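Coordinate analysis (summary)
Residue strings, one per chain:
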Amino acid sequence: MNHTNYQIENWKHQLQNSIRTREELAKWIHISPEEEAGIQALSHTRWSITPYYASLMDPDDPNCPIRKQVIPSIHEKENRYGMDDYLMFKENRRDEADIRPDAIGRQYKDRIAFTVTDRCGIYCRHCFRKEVVVDQEIQLRFDVDEGIAWISEHPEIRDVLITGGDPLMLSDDKLEYLIRKLREIPHIEMIRFGSRLPVVLPQRITPGLKRVLGGFHRVPIWLNTQVNHPKEITPQLAHAVYDLLSCGVNVGNQMVLLKGINDDDATFKKLHLKLLQARIRPYYVFYCEPAPGIDHFRTSVERGAELIRDNLRGHTTGLAQPMYVLATNIGKIPLMPDYYIQEKTEEHYILKNHRGETTTIPNIPEVE
Ligand SMILES: *Cc1c(COP(=O)(O)O)cnc(C)c1O
Ligand code: SF4
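One structure accompanies this document, and this report is about it. (Residues numbered from 1 in each chain as written. Chains lettered and ligands numbered in written order. Predicted model: local features only at pLDDT ≥ 70, side-chain atom pairs only at ≥ 80, totals over all residues. Heavy atoms only, no water.)

The next thing to look at is the overall build of the protein chain. The helix and strand inventory of the protein chain stands at 14 helices and 12 strands. Its C-alpha radius of gyration of 22 Å places the protein chain within 12% of the 21 Å reference for a compact globule of 368 residues. In terms of overall dimensions, the protein chain has a C-alpha envelope of 70 × 55 × 45 Å along the principal axes. Residues classed as buried in the protein chain amount to 52% of the 368 residues present. (Helix = DSSP H or I, 4+ residues; strand = E, 2+ residues; numbered from the N terminus. Rg over C-alpha atoms; globule rule 2.2 N^0.38 Å. Buried < 20%, exposed > 50% of the residue type's maximum accessible area, 1.4 Å probe, protein only.)

Tracing the backbone shows proline 207 in helix 11 (residues 207–213). As for proline 207 and cysteine 247, which are separated by 40 residues in sequence, their C-alpha atoms are 9.9 Å apart.

Around ligand 1, a shell composed of Gly105, Gln107, Tyr108, Arg111, Ile112, Ala113, Leu161, Arg192, Tyr283, Tyr284 and Lys332 is seen. Within the side chain of arginine 192, one N or O atom sits 2.9 Å away from an oxygen atom of ligand 1. Between ligand 1 and the protein, one listed contact pairs an oxygen atom with a side-chain N or O atom of tyrosine 284 at 2.5 Å. The set of elements that each furnish at least two residues to the shell around ligand 1 consists of strand 2 (111–115) and strand 7 (281–286). (Near = heavy atom within 4 Å. Polar contact = N/O pair within 3.5 Å; in protein donor to acceptor, adjacent residues only side chain to side chain.)

For the rest of this paragraph, the subject is the nonpolar core. Grouped together as the largest cluster of nonpolar side chains are 88 residues, with contacts concentrated most on Leu25, Phe114, Ile151 and Phe193. It is helix 12 (residues 235–246) that provides the largest number of residues to this core, a total of five residues. Both domains that furnish three or more residues to this core are identified here as domain 1 (11–76) and domain 2 (79–334). Not counting residues up to four positions away in its chain, the partners in contact with isoleucine 151 are Ile104, Ile112, Phe114, Val160, Leu182, Ile185, His187 and Ile188. Counting eight residues, the second largest nonpolar core, distinct from the first, contains Val256, Leu258, Ile261 and Cys288. (Core = buried A, V, L, I, M, F, W, Y, C linked by side-chain atoms within 4.5 Å. Domains from an automatic or database assignment. Contact = heavy atoms within 4.5 Å.)

We now examine the sheet that holds strand 6 (residues 250–256). Taking strand neighbours across the sheet as the criterion, the nine strands line up as 1-2-3-4-5-6-7-8-9 in an open arrangement whose pairing is mixed. In this open sheet, the two edge strands, each paired with only one partner strand, are strand 1 (104–105) and strand 9 (331–334). Bridge count for strand 4 (residues 190–194) against strand 5 (residues 221–225) is four bridges, and the pairing is parallel. Its bridge partner lying in strand 5, phenylalanine 193 is registered against leucine 223. The strands that helix 8 (residues 144–152) touches are strand 1, strand 2 and strand 3 (159–163); relative to strand 2, the one it contacts most, it runs at about 165°. (Pairing = 2+ DSSP bridges. Axes fitted to C-alpha atoms, helices over the stretch in contact; angles between N-to-C directions.)

The sheet built from three strands is open, its strands ordered 10-11-12 with antiparallel pairing. Lying at the two open borders of the sheet, with one neighbouring strand each, are strand 10 (341–344) and strand 12 (358–362). Along the sheet, successive strands turn relative to each other by an average axial angle of 20°, direction set aside.

Turning our attention to unusual backbone geometry. Here the amide bond leading from glycine 164 into glycine 165 is cis, since omega sits at 20°, within 30 degrees of zero. Along the chain, glycine 165 turns up in the loop between strand 3 and helix 9 (172–183). With phi around 50°, aspartate 85 is a residue other than glycine that occupies positive phi space. Topologically, aspartate 85 is positioned in the loop between helix 5 (65–70) and helix 6 (86–90).

To continue, consider the pairing of strand 6. When you tally the buried positions in strand 6, you get five out of seven residues, the bulk of the element. In this sheet, strand 6 lies alongside strand 5 in parallel orientation, the contact comprising four bridges. Each bridged residue has a counterpart across the sheet, and for leucine 223 the counterpart in strand 6 is valine 251. Of the pairings in the sheet, the one linking strand 6 to strand 7 comprises five bridges and is parallel in character. Note that in strand 7 the partner of valine 256 across the bridge is phenylalanine 286. Traced from strand 6 through helix 13 (residues 265–277) to strand 7, the parallel crossover comes out right-handed. (Right-handed = clockwise from strand over helix to strand, strands pointing away.)

Where helix 8 meets helix 9, the axes come as close as 10 Å, and the angle between the chain directions of the two elements is 15°. Regarding the angle of helix 8 to helix 9, the classification is roughly parallel. The handedness of the crossing between helix 8 and helix 9 comes out as right-handed. Residues Val144, Asp145, Ile148 and Ile151 of helix 8 lie in contact with helix 9, whose contacting residues are Tyr177, Leu178, Lys181 and Leu182. Per-class residue counts for the contact of helix 8 with helix 9 are six nonpolar, no polar and two charged. (Parallel < 35°, antiparallel > 145°, perpendicular 65-115°, else oblique. Left-handed = near helix turned anticlockwise from the far one by under 90°. Nonpolar A, V, L, I, M, F, W, Y, C, P; charged D, E, K, R; others polar.)

Shape descriptors only; they carry no functional weight alone.
The structure is reproduced here in structure tokens:
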């Protein structure tokens, strides 16, 4: 068997052998009573863990950050603050004059989110799209040709973010078709993918996929993945990223801020440093959105900005700096630590650095 076939079989093999029952999970970890209760109570929702991702779980620690992301929790049934029909709320800018297919999410003039599937490699318990992807309470049509037709009729769209679910769950042939069709549209300047597969199924980055995504082209491909914890940064992930970069695909990270998983100083800092070591550029840190059933993952709004202030900004290279954003129904709102300017007068600014030291620079008027 040659290398190519092995890798292709390997990713399909991973999906076919994913963990979806209590019995299979028990082969990997000592299931805690709370996890037991969660699995029972949430059995009607999708859950699935690739053997690769399961191998990152700590068999003896119920607080393992990998376990918390994929094992159903009874807390998903408690919903004090999440908004029902959250996805519909986020899409509420649709009006009569703005008819578009379900697959097209729009909050900006020049770019859209194009949903091409509701399948994922694993089903994250913290997913803000969980009503569609995990709980399957909302049914939408994710028709690729409908989406492409809409995009080709909207010349103001220059940037297409292909999302899901996880778009790399599509076959190489379907991805090739999608990319080719988008590149045929003259006003499309870039294509982006949002995919967790490099993290949860790095075997998906096969030579065949590299042929589909790779190569020099007028319309480049960018990919943002979702690494939430340093334990997820393995040699396999680093290799998958190297394979993507070496065929021409830029790789960034979109972390979701999750209570008890990555909201402490040490984990947050280590994650961002390790991302650079794996050649991944931190892009966004997202506040855990007010979607239903994920209250137990949510931190305060300020927490993300505090973590950047206390661990990254000034403490380490500017390359490790993500932007902290709240994704809302009117777009993503940046919320950055705002403490640098201590005082501004007619004569000067007093500026503060990450060590708490201050300096004074003159307030110089602009010269005509
Ligand atoms: C997140 C998102 C985008 C992309 O936003 P960037 O800030 O450019 O990464 C585009 N459209 C929608 C609807 C989105 O939710
Ligand atoms: S991979 Fe993305 S879309 Fe899929 S469950 Fe996880 S967060 Fe949601």
